[in-house]
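# Observations on the three-dimensional arrangement
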Amino acid sequence: MKETRLGDFEETVLLLVGILGEEAYAFKLAEEFESQTERSVSIGAVHSTLSRLADKGFLTSEMGKSTAERGGRRKRIYTITAYGRRALEISRDFKVSLWKQYPAFAPDFNFGV
Amino acid sequence: MKKRQTIPPQLARRFLCWFLRDELAEEVEGDLEEKFYITIEQSSVRSARANYWYQVFHYVRPFALRSFKSTYPLTHYAMFQNYFKIGWRNLFKKKGYSFINISGLAIGMAVAIMIGLWVYDELSFNTYHENYDRIAWVMQNQTFSGTGIQTNNNEPLQLAPELRENYGTYFEHVTMATFLQWRTLRQGEKVLTKTGYFMEPSAPEMLTLHMLSGTRNGLNDPHSVLISQSTAQALFDDQDPIGEVIQISEQFEVKVTGVYEDIPSNSTFAGMQFLAPWELNESSLPDWLGWGNNWFQTIVQIAEHTDMSQASAAIKDAKKKRVTEDEGAEYNPQLFLHPLSRLHLYSEFEGGVSVGGRIQYVWMFGIIGLFVLLLACINFMNLSTARSEKRAKEIGVRKAIGSLRRQLVHQFFTESILIAALAFVVALLLVQLSLSSFNEVADKEIGVPWLNPWFWLLGIGFMLLTGLLAGSYPALYLSSLGAVRVLKGTFKAGRMASLPRKVLVTVQFAVSVSLIIGTLVVFQQIQHVKNRPIGYNMNRLLTVSLSSAVNEHYDVFRNDLLQTGVVEEVAKSESPITDSYITNSGLTWQGKDPGMQEEFVSMRVSHEFGKTIDWNIIEGRDFSRDFASDSMAFVINESAVEYMGLKNPIGEQVDWGSSGTYTIIGVVEDMITQSPYAPVKQMFFFINEDRSSMANIKIKPDVSMPEALATIEQVYQQHDPLEPFNYSFVDEQYAKKFGNEVRIGTLAGFFASLAIFISCLGLFGLASYTAEQRTKEIGIRKVLGASITNLWQLLSKDFLGLILLACVMAIPLAYYFARDWLQNYDYRTDLHWWIFALAGLGALMVTIITVSYQAIKAAQLNPVKSLRSE
């Protein structure tokens, strides 16, 4: 039985995969994570999460093009699956519902969805 | 271009590739490299490299790790289990072979362990004393005309005060000491005879005695004594000995002020069962003792941060400055220090220079031990390799069903280490069992250091090494052969395959033959010296050291003894007849070369001495109570006649300074009163009953020995009820002079038989190997009509050649060493040719018997069977 809920770091990485699109591979994701969150992370940590997400079925991957700065090596490009997208939505909805139940914040809060 | 030069740290990359799953390698390496170059642009090469390492380490995560197990689905554990099983089965399948192999190696290891322990014991001699590297004996070199420079540790009693006073800065402790003395210790009714020393109060501190009760200051009071634990136990049982009063030889009354732990046998002071104050001994000495009376020893401990050789050089003339003309200044006494650390192993001096000593034996036995071990290992490897060729088929099958080469290597190593381990266990058992008899022969108290980690480390390390070497041929060579070749049986050892084995067997026999020759020479020498005419009759002769109480009434004592009817004659002498240690000089006679610094061995005796020991007067007459003038008469030996250069010795006058003028009345045949290996020294005998305290008693021939001893003891006790009756047989005393040689002979014989045994195992292995290789040939020869004798000759003659070669190698070598050893003795045997012939013949005989067993067994095989086994 695979775990279907998302952890905080997992959720962030999954969203970044969506944001980067064609450029979603481990190194770029780590860079993007660092620039967006200003927290440092190792490529290994991101890669480990990506492989876990792929195991859960939230991501698929395939080998992409090779470039010169990688010494001619190919990169593995990740894409969100429908199931992954669904998981993100559930996570978001769940949090929104929590926010809504919190009277002090509810009026000002709008996700624009 | 520049970019090409800065590449990611290769070590980190290799490390990454080592642990990373293969399928991830490309993307990860790519990512890291991209990161690396971007970091270079953003900051520096240095931080890029650091970051690369950081990234690599962060890939050590479960998802990325290569699964080492999954590559080889068989676990090693299971395979090792299998190797053990196969190993055991092979051992039991060929019981005889396994027995030979394991016992041979075990014996070699056992010998090596024992010799190793012995060498360790010898090298660690005296380390019991904490300051052993700073303690030294004061020795002196004296020059005598005739004998040259003599070195000994006898010193006058004035030396210690002199050293303290004028050379005190060099020394922390200086003490006079007696030589080891036999004394009776009496407490109440209990009397014991123990050995011990008299030393100054600082001695316990210097020797760092381990006090069990009392303190090391125990000797400050002159009427005190320190006793060893075993003495305390024997004298007081479990009572507290401190403060108890004991009598030493009924001469000194002393109080026990301390008990020290027994000193171990590998110490020069091992015999110290009591330690009494020097002052006590000094009080009993005659007051005329001067710088010329070298009766004692002087032991020093040099001060901290002082150099031993400096101190030694400084005291060189300490005695010479004090000693007067009368006291022997002309002998030019030169003092030096002999460190305690060298005392045991380097105490032979020639011409005043250290020339080694016991260290030679340490080397000799060390080398022999190594040889025996080497022979055993070589054998072990030989037999293992010869056997493993039989297993080529097994290797083929294993390979065919998919065994990796590495697994075969593991298998053969496991097996050979298993055998080596068994041998090691057997060796430990053998050592434990034979250590007590070894100790007896070697005169030691060695135990196996079961708790010493170094012992285990060395032992197990050696065991692994032997196992690995022995297993290397099948493990590394046989496993490399192709499965098809091995299975088809086209694999055959070439003609040269047995060459190394032949060389090894030859070397083994050369060593064995040398050892046999060595043993024969040692025993020949002992026998030769034992057959040397000694010049007196030791039979039924015993010596008794008389106590002062008996000595005072000697004439009554003698009469009483003679009246018992068991005693033929009784006479006194100054020293034992087998050990005349007293020398004198200051004699002049007519025709003496004025420059000659003469020295004679001398012995004070009573009138009946000659009759008692049955010496042979060859000229003149023996001492006699009929001539009053005999109190000023000499009987000299043949050597003395020659030494003095006298034509007609009888009636010659010898002037002995203040002692008066003596007349030579008789010449006696040379007698061995010192070392039986050395030429007889010039010696004179003269009458002086007062200073003789050794009684020589000749027992009548028809009286039984126990009866005679009981009677004599009874008479003795009547005269001195307190002192125990101590006697020794002269022939036993004489036999002790051969102790060292007999010990060497016994050990050499022991090793020689071991070496022969081990060599025979090797030969046996080689013979069985060749016989097996030639099974088919023998079958065909038999079919064609060869007789068993023919076949036996065929198989044996190769080996005889090898053994003859070994003899040719061994004989010159053994001759060289044997001659070298015999040079140590003035009175020595010739190296007879038959010793060498006997050793060679013996080796040949053993060879023929060993090889014949295999040869005849092979020759008797039914050719139908041996030819069918295709």
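This report concerns the structure included in the present document. Please read these numbers as outputs of a predicted model, since none were measured by experiment. (Residues numbered from 1 in each chain as written. Chains lettered and ligands numbered in written order. Predicted model: local features only at pLDDT ≥ 70, side-chain atom pairs only at ≥ 80, totals over all residues.)

### Brief notes about the overall build of chain B
A tally of helices and strands in chain B yields 30 helices and 26 strands. Classification of the 870 residues of chain B by burial places 37% in the buried group. (Helix = DSSP H or I, 4+ residues; strand = E, 2+ residues; numbered from the N terminus. Buried ≥ 20, exposed ≤ 12 C-beta atoms within 10 Å, placed from the backbone.)

### Details of the overall build of chain A
Of the regular secondary structure elements, chain A holds 4 helices and 2 strands. Relative to its full complement of 113 residues, chain A shows a buried share of 27%. Here the contacts in chain A between residues at least 6 apart in sequence split such that 44% fall between residues at least 24 apart. (Contact = placed C-beta atoms within 7 Å.)

### Considerations on the packing of helix α7 (residues 95-123) of chain B against helix α26 (residues 739-773) of chain B
All names here are of chain B. Taken N-terminus to C-terminus, the directions of α7 and α26 make an angle of 150 degrees; their axes are 10 Å apart at the nearest point. As summarised for this structure, α7 and α26 are arranged roughly antiparallel, according to the angle between their axes. Note on packing geometry: the crossing formed by α7 with α26 is left-handed. Seen from α7, the contacting residues are I100, G104, I107, G108 and V111; seen from α26, they are L754, I758, L761 and F764. Split by residue class, the contact of α7 with α26 holds 7 nonpolar, 2 polar and no charged. (Axes fitted to C-alpha atoms, helices over the stretch in contact; angles between N-to-C directions. Parallel < 35°, antiparallel > 145°, perpendicular 65-115°, else oblique. Left-handed = near helix turned anticlockwise from the far one by under 90°. Nonpolar A, V, L, I, M, F, W, Y, C, P; charged D, E, K, R; others polar.)

### Points about the pairing of strand β3 (residues 171-177) of chain B
All names here are of chain B. For β3, the buried fraction is high: 6 of the 7 residues fall into the buried class. Direction of pairing for β3 relative to strand β11 (residues 297-302): antiparallel, over a ladder of 6 bridges. Paired with T175 across the bridge in β11 is I299. (Pairing = 2+ DSSP bridges.)

### Here's the deal with the packing of helix α19 (residues 499-530) of chain B against helix α28 (residues 788-822) of chain B
Residue and element names in this part refer to chain B. Orientation of α19 relative to α28, taken along the N-to-C sense of each, is 35 degrees, at an axis distance of 7 Å. By crossing handedness, the relation of α19 to α28 is classed as right-handed. Between α19, through K502, V505, T506, F509, A510, V513, S514, I517, G518, V521 and Q525, and α28, the contact on the second element is made entirely by L802, I803, L805, A806, C807, M809, A810, L813, A814, F817, A818 and L822. Looking at the contact of α19 with α28 residue by residue, the class counts come to 18 nonpolar, 4 polar and 1 charged.

### Considerations on the nonpolar core
All names here are of chain B. Counting residues in each nonpolar core, the largest one holds 94 residues, and the members touching the most others are M109, V372, A376, V513, I517 and A755. Secondary-structure elements contributing two or more residues to this core are α7, α14 (359-388), α16 (405-442), α17 (453-477), α19, α26, α28 and α29 (833-860). With 17 residues, the single largest contributor to this core is α26. Ignoring anything within four residues of it in the chain, the contact list for I517 reads A810, A814, A818, I835, F836 and A839. (Core = buried A, V, L, I, M, F, W, Y, C linked by C-beta atoms within 7 Å.)

### Considering the interface of chain A and chain B
At the junction of the two partners, chain A supplies 17 residues and chain B supplies 18 residues. Taken together, the elements giving at least two residues each to the side of chain A that touches chain B come down to α2 (26-37), α3 (43-56) and β2 (74-80) of chain A. Ranked by residues supplied to the side of chain A that touches chain B, first place goes to α3 of chain A with 6 residues. Per-class residue counts for the side of chain A that touches chain B are 5 nonpolar, 6 polar and 6 charged.

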